[in-house]
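# What the coordinates show
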Amino acid sequence: MKELVCIVCPRGCHLQVDENTLEVIGNSCEKGAEYGKNEISNPLRTVTASVAVEGGIHPRLAVRTNRAVPKGKMFEIMNVLHSFKAYSPIKRGDVLIENVCNTGADIIASRDI
Amino acid sequence: MYDVLIIGGGVCGAAVAMYLSKYDIKCALLEKENDIAMGTTKANSGIVHAGYDPEPDTLMARLNVRGSELTEELCKKLSVPYKKTGSLVVAFDSKDEAHIRKLYDRGMENGVRGMELLDKESLFELEPNLSEKAVGALYAPSAAVVNPWRFCIAMCETAAENGVEFYLDSEVTSIEKINGCFAVTAGGRTFDTKYIINAAGIYADDVASLVGARDFEIKASKGQYFLLDKTQSGLVNTVVFQCPTEKGKGVLVSPTADGNIIVGPNAESGNERDDVSTTREGLDFVAAEAAKTTSKINYRENIRSFSGLRANSDKSDFIIGESDLCRHFINVAGIKSPGLSSAAAIGEYVAELIADCGLIMTEKEQWNYPAPKVRFNELSNVEKERLCKENPKYGNVVCRCNLITEGEILDALDSKIKPRTLDGIKRRAGSGMGRCQGGFCGPRVHEIIANYYNIPMEEVLLDKNGSYIVCGKVGGEE
Amino acid sequence: MINCDIAVIGAGPAGLAAAVAAYNAGVKDIIVIERDKEAGGILNQCIHNGFGLHRFGEELSGPEYAGRYIDMLKETDIKLKLKTMVLSIDNKVISAVSEENGFEQIKAKAIILAMGCRERNRGPISVPGDRGSGVFSAGCAQRYLNIEGYLVGKRVVILGSGDIGLIMARRMTLEGAKVLAVAEIMPFTNGLSRNVAQCLDDFGIPLYLSHTVTDVIGDGRIEGIVISQVDESMKPIKGTEKRFDCDTLLLSVGLVPENELTRGAGIEIDPRTNGAIVGEDMQTNEAGVFACGNVLHVHDLVDYVSAESERAGISAARFVLSGGAERGAQTAVLNGSNVSYTVPQHFSPEKIEKGIDIFFRVRKKIRLGEIRVESNGIKLAGFKREFLAPGEMQKITVPKVLLDRAEGDITVSAVEIEEAE
């Protein structure tokens, strides 16, 4: 059994995952069970960061992946974001980069700017 | 050729510069740091002592009493925060009582006015939060508190307004004597001068070495402090000293001129000259000693701990006068406590000394105090309204703890002696001096400085040289 | 003098939620005063995700969460005054100043205080050492990084395991800085467990519990720091010093409600929360002045801030619509064992409709516990809870039917119970 703290929500449930059967106990919701399974087989994370933006009230625009991506891809995605530039106006939820690093996830704007 | 070159932009150098600016002579001040008021001046108790401490017939006694009078007058003229709070030396036992009687007698001899020996009852009327163990006190109503760096900066600004030149980042590295004059090398420049005033504080003996006149040693002694939030004002109303013990002079608990409470200092000798660190042991000692005065100090409300260095010397008195080893080289050295109290009187006295040395000093016909700066939060509602209409920048509050506006920060940047650092702005405008210590306004003041000088954010400093704040843009963006 | 029905001070999550709720409750003449150049408050720099699961049922970033409330505000006629600093509040007259309008005064029938909180810094924890640059509160570094786009340093040690510190450990690592360690003086973390997992464990950043910073080295920019282990009374243990060569020390050592305006207005403050003392309607001791969000007590979850602030907004609207309602008799909510504070601190039993939400924090970690609500020795309600920790705010809802059994004041306590096999 592997002990994990669920990161799906701030509640932070203490999960126990069977490494062979991927059975999860200690979760309070279905998302927690899914997290427990993934964390053993293919850990996923949402990447949140910022990109350069021109013409907005701030020089940086908060962005995130619209779904969790493999943990190992985080730094690769950061490199893509570092060389990306957005141009105002942008709406919250606008897709800025599609299928970033072939993860199937898009980079979306976190706010209007 | 300068007539007089002042080495050191602390409160003594500042006072000398200001008094000399009244005369028709060519004068400059050299400071090794990137701003004035960077040494002992910015890190001390901020007390204008009444004058009962120094032994009678010393320079310290005379200049302290005279300085105390001058400081009150000057602070009004220069709009420097100053409060005549009075001071107490509290006695906790019969030995202490004997000591305060001795201080009273000494004060009488030094010409201190208005002193009183208080019994327990009148003491607690004045200071209800003191420890129950207090039995009486020496009360000196003429003692005061002053904002020491504002005092220094205001005197420098006055000197600059009246023609004294200021050179920052100008550490004196050599002094040559040529034909009875001096060639001083500092910050990549050479200054020829007839007279030198050595007001180099902790480093005064090193500067004296440069002309072969090191006949004294500075023995820096570190003192550590707590500075409490304005929420604690009223804890004490006067400067409260303890009687000295074997362990040291005893820590004080005092209001500051800005409305905070200051607690400290301890006394540590033998430390290095550039060491102004605080230590857990030092601060713990201060807290333990201060607890004897009052148990009501709330250290959760501490907003800053800091250390300062006293410029003690191997002489018992101040070292002020022309060096025996070098003509026209005038020391203003070993200015320990009551140095801040004496500073103004030192400036006045040094001007006389130079005249005695033979420099012809004619008083200027025109000499002015600089125009007072706006302090937005101290204005009435009507004045605030009027000022915002005149200049909308006074409507933009940048420092929310002390309610300092962008207008005031721009005024500070427009000073005669221009600050280039966040702490330089802090010392002039007061931003970042409150409970959040710049956590909120820091990035904003940072940006205002970068825009004002048109320099990248990476080049703006917090305080001393090397104290950069940000190291680059995210993702290496150009 | 400008007149309005409700003035809200602060357009962060608390102010936005309160204003929108008051509007929807029937008061249309509302002014929200914000000192920043945009609404959203600190959420704008909290670009990480994890917000909104309770409120919106999905995981949002800070700006997204704020954006939803800003959109709600835009759908109303609420006036938003940006870049405006409130200087003082006196008898429901607000004095404010801005570049655009200069000095102005606003008289409101009700005021909602939603100024948020600020970070505790180096002072109150007396971190000794040199005073070089490179010591930042975590939120200040976060602003530089996420809003201005500047990195504050390359080699970082973090003191305090509060959430902002943990989040910043990850953010700075992702931006190429090396986070060498997180030191926490308590034997447990102050942040949410999930943040320890995804911000430290993911990147192999060591967490030193029962450790604190005992020296800071460097007069220009800092060059290193020393941490030491502490004993049970929090005193550093000699011989346990570890030095890290770093250019940055981030402090994540707690938040303090920003109540200077509140104090200035003469409103009573609870020394336990550092926020105003309020009733079930979030009303302070000054009639018609309400408080909500982090200015009242520091929350962990913005979702709870919104819920609490909506309550304040509705109460303020009722106050205005009823022309200043009577407050009724007050019953105190007392702290029992292991409870360090409660909000509200009192309530009017006749004003409770369905039940009362009580927020509180526990004093120590409890693996399995029961939250007990008692009155005059009688147990009114019990709530079983797992993994209680001081770092995580708790909330219980006591139904009116149970409250009605109270005889005088009620006490909330957290009792450790044996694990049932």
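The sections below set out a description of the structure shown in this document.

So, about the environment of Tyr195 of chain B. Residue and element names in this part refer to chain B. Looking at where Tyr195 falls in the secondary structure, it is placed in strand E12 (residues 189–198). Taking the C-alpha atoms as reference points, Tyr195 and Leu88, separated by 107 residues in sequence, lie 41 Å from one another. Apart from residues lying up to four places away in sequence, Tyr195 is in contact with Asp3, Val4, His328, Ile330, Ile354 and Leu359.

This part takes up helix H4 (residues 138–148) of chain C. Three- or four-residue spacings in an α-helix give side chains the same orientation, since the helix completes a turn every 3.6 residues. The element H4 of chain C is largely enclosed, with a buried count of nine among its eleven residues. Downstream of H4 of chain C by a residue or two, Gly149 of chain C has a phi angle that is positive, lying close to 85°.

Right, let's talk about the nonpolar core for a bit. Core analysis: the largest hydrophobic core is formed by 182 residues, its most contacted members being Ile6, Ala18, Ala19, Ala22, Ile112, Leu113 and Leu249 of chain C. Per-element tally for this core: the top contributor is helix H1 (residues 13–24) of chain C, with nine residues. Contacts of Ala18 of chain C, omitting those with residues within four sequence positions, involve Val8, Ile112, Ala114, Cys292, Ser309, Glu310, Ala312 and Gly313 of chain C. Core analysis: the next-biggest nonpolar cluster, separate from the first, contains 136 residues, Ile25, Ala91, Val251 and Leu283 of chain B among them.

Moving on, we come to the pairing of strand E16 (residues 224–229) of chain C. On any regular strand, side chains alternate: one points to one face of the sheet, the next to the other face. Residue and element names in this part refer to chain C. With six bridges joining them, strand E15 (residues 211–217) and E16 adopt antiparallel strand pairing. By the bridge assignment, His211 is partnered in E16 with Gln229. Counted between consecutive antiparallel strands, the loop separating E15 from E16 contains six residues, among which Gly218 sits at a positive phi close to 130°. Sheet analysis places E16 next to strand E17 (residues 242–245), joined by four bridges and oriented antiparallel. Pairing of Ile225 across the sheet is with Phe244, part of E17.

Moving on: the packing of helix H2 (residues 59–78) of chain B against helix H8 (residues 339–357) of chain B. Residues and elements named next belong to chain B. The geometry of H2 relative to H8 is characterised by a closest axis approach of 6 Å and an angle of 100° between their N-to-C directions. The orientation of H2 relative to H8 falls into the category roughly perpendicular. Residues Met60, Leu63, Asn64, Arg66, Gly67, Ser68, Leu70, Thr71 and Leu74 of H2 form the contact with H8, whose own contacting residues are Ser341, Ser342, Ala343, Ala344, Ala345, Ile346, Glu348 and Tyr349. Here the residues of the contact of H2 with H8 are counted per class, giving nine nonpolar, six polar and two charged.

Where interface size is given, it is often the accessible area lost as the parts come together that is meant. Counting from both sides, the interface comprises 41 residues of chain C and, opposite them, 46 residues of chain B. Broken down by secondary-structure element, the contributors of at least two residues to the side of chain C that touches chain B are strand E6 (84–90), strand E7 (93–98), strand E8 (102–113), strand E9 (117–119), helix H3 (122–125), H4 and strand E11 (150–151) of chain C. If you tally residues by element for the side of chain C that touches chain B, the top one is H4 of chain C, at five residues. As judged from the two bridges shared by strand E23 (residues 472–473) of chain B and E11 of chain C, these two strands associate in the antiparallel manner. By the bridge assignment, Gly472 of chain B is partnered in E11 of chain C with Leu151 of chain C.

Rules behind the numbers
- Residues numbered from 1 in each chain as written.
- Chains lettered and ligands numbered in written order.
- Predicted model: local features only at pLDDT ≥ 70, side-chain atom pairs only at ≥ 80, totals over all residues.
- Helix = DSSP H or I, 4+ residues; strand = E, 2+ residues; numbered from the N terminus.
- Contact = placed C-beta atoms within 7 Å.
- Buried ≥ 20, exposed ≤ 12 C-beta atoms within 10 Å, placed from the backbone.
- Core = buried A, V, L, I, M, F, W, Y, C linked by C-beta atoms within 7 Å.
- Pairing = 2+ DSSP bridges.
- Axes fitted to C-alpha atoms, helices over the stretch in contact; angles between N-to-C directions.
- Parallel < 35°, antiparallel > 145°, perpendicular 65-115°, else oblique.
- Nonpolar A, V, L, I, M, F, W, Y, C, P; charged D, E, K, R; others polar.

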